[in-house]
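Each chain is listed here by its residues.
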Amino acid sequence: MDKIIQSKEFREIVNDFNNKYYDKALNRLNNLLVIYPNEYFVIKLLATIYLKKTDFKNALKYNEELLLFNRENFKIYNDIGVIYFQIGQINLSIDYFKKSFKDKTNAGAY
């Protein structure tokens with residue numbers, strides 16, 4: 001388990017997220033991003049918060065960064081598919097949903 005997710009700072013950010021204090025959580029996450037620029041869980045939480053806020057541009061940016069980690073790509077492909085669907089790019093949305101289905105770690109997708 002990564003040290004960052006065990007830290008008090010990260011737990012406070014998750015608490016802010018759970019309480020829907022998204023802007024507060026984003027401010028704290030941006031500070032952590034300076035210290036931990038390549039931390040999967042920081043980037044994942046950024047992507048999730050931006051998606052919740054319907055800031056699709058930033059949600060897409062951070063989801064694309066997550067693909068570089070090669071972890072749970074089927075979930076990331078699904079989130080990207082949702083983003084493209086929300087902004088009306090249906091063909092791209094379908095492409096990413098198909099990628100989610102093709103990911104071998106995604107046994108439950110169907």
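Located above this text is the structure these notes cover.
Residues numbered from 1 in each chain as written. Predicted model: local features only at pLDDT ≥ 70, side-chain atom pairs only at ≥ 80, totals over all residues. Heavy atoms only, no water.

Undergrad: Explanation requested: the packing of helix H2 (residues 8-18) against helix H3 (residues 22-35) in the structure shown.
TA: Two measures define how a pair of helices packs: the angle their axes make with one another and the distance between the axes. Direction vectors running N to C along H2 and H3 enclose 155 degrees, while the axes themselves pass 8 Å from each other. In terms of their interaxial angle, H2 and H3 are classed as roughly antiparallel. For the pair H2 and H3, the crossing hand works out as left-handed. Where H2 approaches H3, its residues Glu9, Phe10, Glu12, Ile13, Asp16 and Phe17 are matched on the opposing element by Tyr22, Lys24, Ala25, Arg28, Leu29 and Leu32. Partitioning the contact of H2 with H3 into residue classes produces seven nonpolar, no polar and five charged. (Axes fitted to C-alpha atoms, helices over the stretch in contact; angles between N-to-C directions. Helix = DSSP H or I, 4+ residues; strand = E, 2+ residues; numbered from the N terminus. Parallel < 35°, antiparallel > 145°, perpendicular 65-115°, else oblique. Left-handed = near helix turned anticlockwise from the far one by under 90°. Contact = heavy atoms within 4.5 Å. Nonpolar A, V, L, I, M, F, W, Y, C, P; charged D, E, K, R; others polar.)

Undergrad: What am I meant to see in the pattern of salt bridges here?
TA: Any two side chains of opposite charge can pair if their charged atoms end up close together. Under the defined criterion, the tally for this structure stands at six salt bridges. Arginine 28 is the partner of aspartate 16 in a salt bridge, and the nearest nitrogen-oxygen pair spans 3.4 Å. With aspartate 16 in helix H2 and arginine 28 in helix H3, the pair connects residues that are twelve residues apart, well separated along the chain. The salt bridge partner of lysine 75 is glutamate 72, with a shortest N-O separation of 3.2 Å. Residue classification places glutamate 72 among the partly exposed positions, given a relative accessible area of 38%. (Salt bridge = Lys/Arg side-chain N within 4 Å of Asp/Glu carboxyl O. Buried < 20%, exposed > 50% of the residue type's maximum accessible area, 1.4 Å probe, protein only.)

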